[in-house]
Amino acid sequence: QVQLVESGGGLVQAGGSLKLSCAASGRTFSSYAMGWFRQAPGKEREFVAAISWSGGSIFYGDSVKGRFTISRDNAKNTVYLQMNSLKPEDTAVYYCASGRAGPLSKLDYEYDYWGQGTQVTVSS
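Residues numbered from 1 in each chain as written. Predicted model: local features only at pLDDT ≥ 70, side-chain atom pairs only at ≥ 80, totals over all residues. Heavy atoms only, no water.

## Let's talk about the pairing of strand β9 (residues 92-99)
(1) Moving on: Among the 8 residues in β9, 7 count as buried, and that is most of the element.
(2) Moving on: Examined bridge by bridge, strand β4 (residues 34-39) and β9 share 6 bridges and lie antiparallel to one another. Across the sheet, Gln 39 pairs through a bridge with Val 93, a residue of β9.
(3) Moving on: Here 3 bridges tie β9 to strand β11 (residues 118-123), and the two strands are oriented antiparallel to one another. Its bridge partner lying in β11, Val 93 is registered against Gln 119.
(4) Moving on: Where β9 meets strand β10 (residues 111-114), 3 bridges bridge the pair, whose relative direction is antiparallel. Residue pairing across strands places Ala 97 opposite Trp 114, the latter belonging to β10. (Buried < 20%, exposed > 50% of the residue type's maximum accessible area, 1.4 Å probe, protein only. Helix = DSSP H or I, 4+ residues; strand = E, 2+ residues; numbered from the N terminus. Pairing = 2+ DSSP bridges.)

## Observations concerning the pattern of salt bridges
It is possible for side chains of opposite charge to pair when their charged atoms get near one another.
(1) Moving on: Across all of its chains, the model carries 6 salt bridges by this definition.
(2) Moving on: Across the pair Arg 38 and Glu 46 runs a salt bridge, and its minimum N-O distance is 2.8 Å.
(3) Moving on: Overall, Glu 46 belongs to the partly exposed group, its relative accessible area being 30%.
(4) Moving on: A salt bridge links Arg 38 to Asp 90; the nearest nitrogen and oxygen atoms lie 2.9 Å apart. Of this pair, Arg 38 sits in strand β4 while Asp 90 sits in the loop between β8 (78-83) and β9; the two residues are 52 residues apart in sequence, bridging distant segments of the chain.
(5) Moving on: In the salt-bridge network here, residues are joined through shared partners; they are Arg 38, Glu 46, Arg 67 and Asp 90. (Salt bridge = Lys/Arg side-chain N within 4 Å of Asp/Glu carboxyl O.)

## Section: the pairing of β4
(1) Moving on: Here β4 lies mainly inside the structure; 5 of its 6 residues are buried.
(2) Moving on: Two strands pair when backbone bridges link them, and β4 and strand β5 (residues 46-51) are joined in this way by 5 bridges, in the antiparallel orientation. Looking at the pairing, Phe 37 lines up with Phe 47 of β5.
(3) Moving on: Taking the residues that link successive antiparallel strands as the turn, the β4-β5 hairpin has 6 residues, and the phi of Gly 42 there is positive, at about 75 degrees.

## Some thoughts on the sheet that holds β8
(1) Moving on: Read from one edge to the other, the open sheet built from 4 strands follows the order β1-β3-β8-β7, with strand pairing classed as antiparallel. Either end of the sheet is taken by a strand with one partner, and the two such strands are β1 (3-7) and β7 (68-73). Each adjacent strand pair in this sheet contributes to an overall mean axis angle of 15 degrees, direction not counted.
(2) Moving on: In terms of strand pairing, strand β3 (residues 18-25) meets β8 through 6 bridges, oriented antiparallel. (Axes fitted to C-alpha atoms, helices over the stretch in contact; angles between N-to-C directions.)

Written out as C-alpha cells, the structure reads:
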C-alpha cells in the first residue's frame, strides 16, 4: 500500500520560509516522479513543482518560480519543498503526489497516489 505523508506546514508571516517534507512508502520511491500541488479554499488545485525520479528534471508553476525549490532524497524516500519569500496568496493545503511512469508532468491526473495534505497559512 502506497502512503505519502506530508509535514512541515504551519503559520508564517509574509516574507518568511517553510520547508515541507513528504515521506513515501509502499513503492520503489526512486523509480517515480514526485510532485507538489496546492489548493486554496474555493479554488482549483494548482501545480506547484515536480521532480523526476533522478532529480535531473524539475518543473515549477509560474507563481512559485524563483521562490520555491523542490528536491528529493531517494535514500530517505522523501521529497521536499523549500518555500521562501512566502506571500499571503501562497496560503493553501499543500499535497505531495507520486507520479505514474512516464515523462515529468504538471498535470494532476498524471499522479496516482496522493498524501493527505498539510496546511500552509501566510499572514500579511
